[in-house]
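Chain residues, written in single-letter form:
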Amino acid sequence: MKCIIIGLGTYGRVLVDELSALGHEVIAADNDASRVERVKDMCDAAFQIEATDELALSVLPLKKVDIVIVAIGQNLGASVRVVALLKKLGVEHIYARAMDYVHKNILQAFSIDKILIPEERAARALVREMELGSKADLFRVDDKYCIYKFQIPEQFIGVLPNELHLNEQFQLKVIAIKKAKKVQNFIGIEYNDSEVVNITKENEPLEANDELVCYGKESDFRKLYNFL
């Protein structure tokens, strides 16, 4: 995938680093020379430009990439103007960062592919971690439904998977279990890993480091948190 990232604060810089590490072709841009300097060795190209200027923005190969990500943070005016210019210049696929719901509502008017609210996502992840006492990963299907992966709480240890009854009590469907296991590498050193197992009546009781993968409404996951 080829992409352009505009705005190289912490969020944009991490995007550059991670996408480049995964082998994607990344072009970075910011109006701050020091920020451009910090990422120039991470990506394929880095430009110091004022992206709110149409002529400067058009210097970027906007039509030759798969996606443009506007990662501009606090400056709402700059974010909105850059998105508007990208639409004017005919960019098909645009992601944009929003700082709050006012920002999000404005960006929605442009009908872009995706609006990113990293602060909200980070806050939700922290709440899930605090509630469950362990890290929980989320994949959002839509505004209501999502898939959660979380380490089982203490109350589930020793319980058979088919005896959890999460569907009956909370309308949450358990779709997989990740069982912790010890793995030995080629030089004989053991390390912790996990493997996905399907839900059957013959499953062994859940153990302390197992993880559940569940599907359902976020509101029903909250009910589970409160119960636990």
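Scroll up to find the structure.
This section reports on the structure supplied with the text. Small disclaimer: the values here were computed from a predicted structure and weren't measured. Along each chain, numbering runs from 1 in the same order as the chain's sequence is written. Under the rules for a predicted model, residues below a pLDDT of 70 receive no local features and side-chain atom pairs below 80 are neither given nor counted, while totals for whole chains, interfaces and linings still include all residues. Excluding hydrogens and water, the side-chain values take into account all heavy atoms of the structure.

Let us look at the side chain of Ser-20. By the criteria applied, helices consist of DSSP H or I runs no shorter than four residues and strands consist of E runs no shorter than two, each listed in order from the N terminus. Inspection of the secondary structure assignment puts Ser-20 in helix α1 (residues 10-21). Contacts: residue pairs with any heavy atoms within 4.5 Å of one another. In contact with Ser-20, other than residues within four places in its own chain, are Val-26, Met-42 and Cys-43.

Turning our eyes to something else, we now look at the pairing of strand β2 (residues 25-30). Across the six residues of β2, five count as buried, placing the element largely inside the fold. Strands qualify as paired when DSSP identifies two bridges or more between them. When strand β1 (residues 2-6) meets β2, the two strands line up parallel, connected through five bridges. The residue bridging Ile-6 from the neighbouring strand is Ala-29, located in β2. The path from the first strand over the helix to the second decides the hand: if it runs clockwise while the strands point away from the viewer, the crossover is right-handed. At this point the chain moves from β1, through α1, to the parallel β2, and the crossover so formed is right-handed. With four bridges connecting them, β2 and strand β3 (residues 45-48) associate as parallel partners. From the neighbouring strand, Ala-28 faces β3, where its bridge partner is Ala-46. In this fold, β2 hands off to helix α2 (residues 33-39), which returns the chain to β3; that crossover is right-handed. The classification of residues rests on relative accessible area computed with a 1.4 Å probe and restricted to protein chains. Under 20% of the type maximum is buried, over 50% is exposed, and intermediate values are partly exposed.

The next thing to look at is the nonpolar core. The criterion is simple. A nonpolar core is a set of buried Ala, Val, Leu, Ile, Met, Phe, Trp, Tyr and Cys residues joined through side-chain atoms within 4.5 Å. Formed by 27 residues in total, the largest nonpolar core has its most connected members in Ile-6 and Leu-86. Of all the secondary-structure elements, those providing two or more residues to this core are β1, β2, α3 (54-57), β4 (67-70), α4 (76-88) and β5 (94-97). Top contributing element to this core by residue count: α4, with six residues. Here Leu-86 is in contact with Leu-57, Leu-62, Val-68, Val-70, Val-91 and Ile-94, once residues within four sequence places are set aside. Formed by 18 residues, the second largest nonpolar core is a distinct cluster that contains Leu-172, Ile-177, Leu-212 and Cys-214.

This part takes up the sheet that holds β5. What the six strands build is an open sheet, ordered β3-β2-β1-β4-β5-β6; its pairing is parallel. The open sheet has two free edges, formed respectively by β3 and β6 (114-116), since each of these has just one partner strand. Going across the sheet, the axis of each strand differs from the next one's by a mean of 15°, ignoring polarity. Inspection of the sheet shows β5 paired to β6 by three bridges, in the parallel sense. Residue Arg-97 lies in a different strand from β6, and its bridge partner there is Leu-116. To obtain an axis, a line is fitted to C-alpha atoms, over the contacting stretch when the element is a helix, and the angle between two such axes runs from 0 to 180 degrees between their N-to-C directions.

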